[in-house]
Every structure is written in C-alpha cells, then in structure tokens.
Amino acid sequence: MDVVWTRHAREKFLERSLKYDINYAEVDMHIKAQKVKQKQLHGTIKTIFGLKDNIFTVIKEETKKLINVVSIWESDESEVELWMKK
C-alpha cells in the first residue's frame, strides 16, 4: 500500500521532523500498521502511534491501494489515553 502526503501534511511533518528527529519511513511504517485507529466524519481515519517517546496523530483517507495523509500533529490527552489502552 502506497502512502502519499498532501502539501499541508508535508509542511506539518517537516516541522515535526526537525523538532523530534523523525523521518517519513518511520512514520509511514506506523501509519500502515494502524495499531490505534478511529473512523472520523467525511470518510477519514484518525491513526495514533508512538514514535521516539512521543505520540502523534494522523488524519488520512484510505483506499485498498493508497493512504493519503491529510495532517499530522502531536496527540492531545484523549488521544494519548487511547494509545496507552492499546
């Protein structure tokens, strides 16, 4: 399954990659694994994952062949709780 990033998501990822020293390959792996995911309105999916002592949330659109990452951010408290319960 291919992972593509919208312009907005790439900009947000760049900020986080500089701050947290993460790269696309690491994040793509976690996005594909989808250990914690929630369906959202308008057909998007929220995926929460931990990476290097940080927890991130991604909003994405998904088909059988493609994952389109819409945005990425540091998880809030409720998202962290979901991650911890996994």
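Structural data are supplied above this passage.
Note that the structure is a prediction, hence the values are computed from the model and not measured.

**Here's the deal with the sheet that holds strand β1 (residues 2-5)**
- Strand order in this open sheet of five strands is β1-β5-β4-β3-β2, and the pairing throughout is mixed. Edge positions in the sheet fall to β1 and β2 (36-39), since each of these pairs with one other strand and no more. Ignoring which end each strand starts from, the neighbouring axes of this sheet average 35 degrees apart.
- By the bridge criterion, seven bridges tie strand β4 (residues 54-62) to strand β5 (residues 66-74) in an arrangement that is antiparallel. Residue pairing across strands places Val-58 opposite Ile-72, the latter belonging to β5.
- Contacts from helix α1 (residues 7-20) reach β1, β4 and β5 within the one sheet, and its direction differs from that of β5 by about 50 degrees.
- Packed on one face of the sheet, helix α3 (residues 77-85) meets β2, β3 (45-51), β4 and β5 and runs near 70 degrees to β3.

**Concerning the pattern of salt bridges**
- Tallying each qualifying case throughout the model produces seven salt bridges.
- Measuring nitrogen to oxygen at the nearest pair gives 3.3 Å for the salt bridge that ties Glu-11 to Arg-7. Here Arg-7 and Glu-11 lie together in helix α1, a separation of four residues that amounts to about one turn.
- Here Lys-46 makes a salt bridge to Glu-79, at a shortest N to O gap of 3.1 Å. Taken together, the residues span a long stretch of sequence, with Lys-46 in strand β3 and Glu-79 in helix α3 at a distance of 33 residues. Glu-79 carries the same exposure label as Lys-46, and that label is buried.
- Where salt bridges share partners, they join Glu-15, Arg-16 and Glu-74 into one cluster.

Criteria and cut-off values
- Residues numbered from 1 in each chain as written.
- Predicted model: local features only at pLDDT ≥ 70, side-chain atom pairs only at ≥ 80, totals over all residues.
- Heavy atoms only, no water.
- Pairing = 2+ DSSP bridges.
- Helix = DSSP H or I, 4+ residues; strand = E, 2+ residues; numbered from the N terminus.
- Axes fitted to C-alpha atoms, helices over the stretch in contact; angles between N-to-C directions.
- Contact = heavy atoms within 4.5 Å.
- Salt bridge = Lys/Arg side-chain N within 4 Å of Asp/Glu carboxyl O.
- Buried < 20%, exposed > 50% of the residue type's maximum accessible area, 1.4 Å probe, protein only.

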